[in-house]
Amino acid sequence: MKTTFFHLALTVKDLAAFEAFYAKYFGFRRARVIELGDDAQLVFLKNDDNFYFEIFPPEEQRPYPMAEADGPHYPGLRHMAFSVEDVDLKLAEMGTDAVITLGPLHFDDVIEGWKTAWLKDPEGNIIEITQGYKDQEDLA
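Residues numbered from 1 in each chain as written. Predicted model: local features only at pLDDT ≥ 70, side-chain atom pairs only at ≥ 80, totals over all residues. Heavy atoms only, no water.

Named according to an unreviewed UniProt entry, the protein is VOC family protein originating from Dyadobacter psychrotolerans.

Structure representation (structure tokens):
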């Protein structure tokens, strides 16, 4: 049976800011809204690649500060990554909304033309913007 990746679930404080950021810069749009009661909603956002965010409202405060640079280095989710044709052009398009936490860095010693920058979304989640990644060909 074929299995495909469906969604990444996140809890956000400001749904409007999160949704506007991902709609403007990464092409996400609402796919479904589920009313949870007490003015709370569960929202699915989808992009043209059929990647979904499942967005929950918070039920408690964050117990620790958000990570910086390229994300936390302890076990768990480190960051999300989006591939773009040109990192510099994407960062320029984003203007002051691109809160860079690390980079841009070049990884030409590994893959010629591989370049990456990390930034924060409105919730403080770390996003990687990368260009030029290629799979390794000599793997068994």
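Here the narrative resumes, following the displayed structure.
(A) Region of interest: the nonpolar core. By size, the foremost hydrophobic cluster in this structure holds 24 residues, and its most contacted members are Y22, F26, F53 and I127. Elements with a contribution of two residues or more to this core: β1 (7-11), α1 (15-26), β3 (40-46), β4 (52-56), β5 (80-83), α2 (87-94), β7 (115-120) and β8 (126-131). The element contributing the most residues to this core is α1, with five residues. Built from parts of two domains, this core gets at least three residues from each of domain 1 (7-56) and domain 2 (80-131). Once you skip the residues sitting within four places of it in the chain, Y22 turns out to touch G27, F28, F53, M80, F82, D121 and I127. (Core = buried A, V, L, I, M, F, W, Y, C linked by side-chain atoms within 4.5 Å. Buried < 20%, exposed > 50% of the residue type's maximum accessible area, 1.4 Å probe, protein only. Helix = DSSP H or I, 4+ residues; strand = E, 2+ residues; numbered from the N terminus. Domains from an automatic or database assignment. Contact = heavy atoms within 4.5 Å.)

(B) Examining unusual backbone geometry more closely. Along the chain, G103 connects to P104 via a cis peptide bond; the corresponding omega equals 5 degrees. Tracing the backbone shows P104 in strand β6 (residues 99-106). Although it is not a glycine, N50 sits at a positive phi angle of roughly 60 degrees. By the secondary structure assignment, N50 is in the loop between β3 and β4. The phi dihedral of A69 is positive, around 55 degrees, even though this residue is not glycine. Here A69 lies in the loop between β4 and β5. You can call A69 partly exposed: its relative accessible area is 26%.

(C) Representation of the packing of aromatic side chains. Tallied over the entire structure, the rule returns 20 aromatic pairs. Ring centres of Y22 and F28 lie 5.9 Å apart, and the angle between their planes is 90 degrees; on these two criteria the pair is classed as edge-to-face. Exposure remark for Y22: the relative accessible area of 0% places this residue in the buried category. Among the aromatic side chains, those forming a connected cluster through ring pairs are F5, F18, F21, Y22, Y25, F26, F28, F51, F53 and F82. The positively charged end of R62 is found above the aromatic ring belonging to Y64, 5.7 Å away from the centroid. Here the guanidinium or amino end of K90 rests over the ring plane of F26, the centre of that ring lying 5.1 Å away. (Phe/Tyr/Trp six-rings, centres within 6.5 Å; stacked < 30°, edge-to-face > 60°. Lys NZ or Arg CZ within 6 Å of the ring centre and 35° of its normal.)

(D) Fine view of the sheet that holds β1. Pairing is mixed across the open sheet formed by four strands, whose spatial order is β1-β4-β3-β2. Each edge of the sheet is formed by a strand with only one pairing partner; in this case those strands are β1 and β2 (29-37). Pairs of neighbouring strands in the sheet enclose a mean axial angle of 20 degrees, with direction left out of account. Relative to β3, β2 runs antiparallel, the two being bridged by seven bridges. Bridged to I34 within β3 is L42. (Pairing = 2+ DSSP bridges. Axes fitted to C-alpha atoms, helices over the stretch in contact; angles between N-to-C directions.)

(E) Quick peek at the pattern of salt bridges. Evaluated as defined, the whole model comprises six salt bridges. Among the ionic pairs, D48 bridges to R29, the shortest N-O distance being 3.1 Å. Placement of D48 in the loop between β3 and β4 and of R29 in strand β2 is noted, with a sequence separation of 19 residues between them. Exposure remark for R29: the relative accessible area of 39% places this residue in the partly exposed category. E93 is paired through a salt bridge with K90; the nearest N and O atoms lie 3.4 Å apart. Residue E93 and its partner K90 are located together in helix α2, separated by three residues, close to a single helical turn. By relative accessible area, which is 45% here, E93 ends up partly exposed. (Salt bridge = Lys/Arg side-chain N within 4 Å of Asp/Glu carboxyl O.)

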